[in-house]
Amino acid sequence: NFGAHAALGIFHQIVARGLEGLLAVLRQQLGHALLATDDRANLPEAEKVLRLAVARDGENPFAWYQLGTVYERTGDRARTALATAERANLTGDARMALASAQTAMTGLPKGSPDYIRAQDIMMVSKTQVEQERLPAGGRLSKKDLVGAH
């Protein structure tokens, strides 16, 4: 029974996070339910509860995915990209995080908290992508340098 398995997952999250995480999990689930109605009238409430969920527990990739869905449905491309960058950063997808953070920065007001967060993700992800390009040991050999020209 899919419903029973989903409920078990929710309860496991609550127990694992303790009482402090209870509200974040409930908000994330409420946001998910509001989105599942496919009723545009529910989008403002979904945004509100999901923003609260990620503020309380910013390390929940599914909550970031749901918040990104809200932004996508409301036409906020920059914040859709930022939510995607947050999710990709959490799941270890440095390339996606980098590309999404750069996209977000082009549409966010420079210096705003969201812009600064996108910039942070961009810098961390850029470093990770560059490190992935290095050979084992983390250093370029003379042969690598010669071959780069």
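Procedures and definitions
- Residues numbered from 1 in each chain as written.
- Predicted model: local features only at pLDDT ≥ 70, side-chain atom pairs only at ≥ 80, totals over all residues.
- Heavy atoms only, no water.
- Core = buried A, V, L, I, M, F, W, Y, C linked by side-chain atoms within 4.5 Å.
- Buried < 20%, exposed > 50% of the residue type's maximum accessible area, 1.4 Å probe, protein only.
- Helix = DSSP H or I, 4+ residues; strand = E, 2+ residues; numbered from the N terminus.
- Contact = heavy atoms within 4.5 Å.
- Salt bridge = Lys/Arg side-chain N within 4 Å of Asp/Glu carboxyl O.
- Polar contact = N/O pair within 3.5 Å; in protein donor to acceptor, adjacent residues only side chain to side chain.

Novice: Would you mind showing me how to read the nonpolar core here?
Specialist: As a rule of thumb, soluble globular proteins bury nonpolar side chains together. Counting residues in hydrophobic clusters, the biggest one holds 17 residues, and the most contacted among them are L82, A104, L108, A118 and I121. Those elements that place two or more of their residues in this core are helix 4 (77-91), helix 5 (94-107) and helix 6 (113-133). It is helix 5 that provides the largest number of residues to this core, a total of 6 residues. Not counting residues within four places of it along the chain, the set of residues in contact with I121 comprises L82, A85, E86, N89, A97 and A101. L43, A46, V54 and A63 belong to the second largest nonpolar core, which has 13 residues in total.

Novice: What should I look at first to understand the pattern of salt bridges in this one?
Specialist: For side chains bearing opposite charge, pairing can occur when the charged atoms are close. Evaluated as defined, the whole model comprises 5 salt bridges. Residues D76 and R79 are paired through a salt bridge, measuring 3.4 Å at the closest nitrogen-oxygen approach. A salt bridge links R117 to E86, with the shortest nitrogen-to-oxygen separation between them at 2.8 Å. With R117 in helix 6 and E86 in helix 4, the pair connects residues that are 31 residues apart, well separated along the chain. Accessibility expressed as a relative area gives 6% for E86, which makes it buried. By sharing partners, the salt bridges in this structure join D76, R79 and D114 into a single network.

Novice: Even after reading the chapter, I still don't get the side chain of N60, so can you show me in this structure?
Specialist: Tracing the backbone shows N60 in the loop between helix 2 (43-56) and helix 3 (61-74). Reaching out from N60, the side chain makes a polar contact with the backbone nitrogen of F62 at a distance of 3.0 Å.

No statement about biological role is implied by the geometric values presented.
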